[in-house]
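What follows is the residue order along each chain.
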Amino acid sequence: RGATAVVGGRRVDAPARPAAVVDATGAGDCFAAGYLWGWLAGAGPDACLAYGNLCGAAAAGSLGGYAGAPTADELRAAAGQTVPLD
């Protein structure tokens, strides 16, 4: 149903990404990785949740814990945004 974060007393909601679920193993870990990837890049909580949802959905679409997890370039393309990491 999506994800919610509370940052600085503000609640932020992000809708779930459509996913053809094959295996949910690791989807939560991949969500956390996507959220933290955005956070470390300086993105706001809205974008961080979107990155997390993208990663979690991608991971759930493949067999195994992280086989479907996107690369940084794939994540940027899927999000339609550019978040600098360098």
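Conventions adopted
Residues numbered from 1 in each chain as written. Predicted model: local features only at pLDDT ≥ 70, side-chain atom pairs only at ≥ 80, totals over all residues. Heavy atoms only, no water. Pairing = 2+ DSSP bridges. Helix = DSSP H or I, 4+ residues; strand = E, 2+ residues; numbered from the N terminus. Expected span 1.5 Å × (residues − 1). Buried < 20%, exposed > 50% of the residue type's maximum accessible area, 1.4 Å probe, protein only. Arc of directions from axis to C-beta. Contact = heavy atoms within 4.5 Å.

Q: Would you mind going over the pairing of strand 2 (residues 10–14) in detail, with residue names and values included?
A: Within a regular beta strand, the side chains point alternately toward one face of the sheet and then the other, so they alternate between its two faces. In this structure, strand 1 (residues 3–7) lies alongside strand 2, joined through 5 bridges in antiparallel fashion. In the strand pairing of strand 2, valine 7 is matched with arginine 10. Following strand 1, the chain reverses through 2 residues before pairing antiparallel with strand 2; glycine 8 in that reversal takes a positive phi of roughly 60 degrees.

Q: Could you give me a rundown of helix 1 (residues 27–40), with the residues and numbers involved?
A: When the terminal C-alpha atoms of helix 1 are compared, their 20 Å separation across 14 residues agrees well with the 20 Å that a helix rising 1.5 Å per residue should span. Buried within helix 1 we find Ala27, Cys30, Gly34, Tyr35, Trp37 and Gly38. All buried residues of helix 1 project into a common sector of 155 degrees when viewed along the axis, lining one side. Exposed residues lying more than 90 degrees from the buried face of helix 1 are Asp29, Trp39 and Leu40. For helix 1, the secondary structure elements touched by its buried residues are strand 1, helix 2 (45–60) and helix 3 (72–79). Of the residues trailing helix 1, glycine 42 is marked for its positive phi of about 90 degrees.

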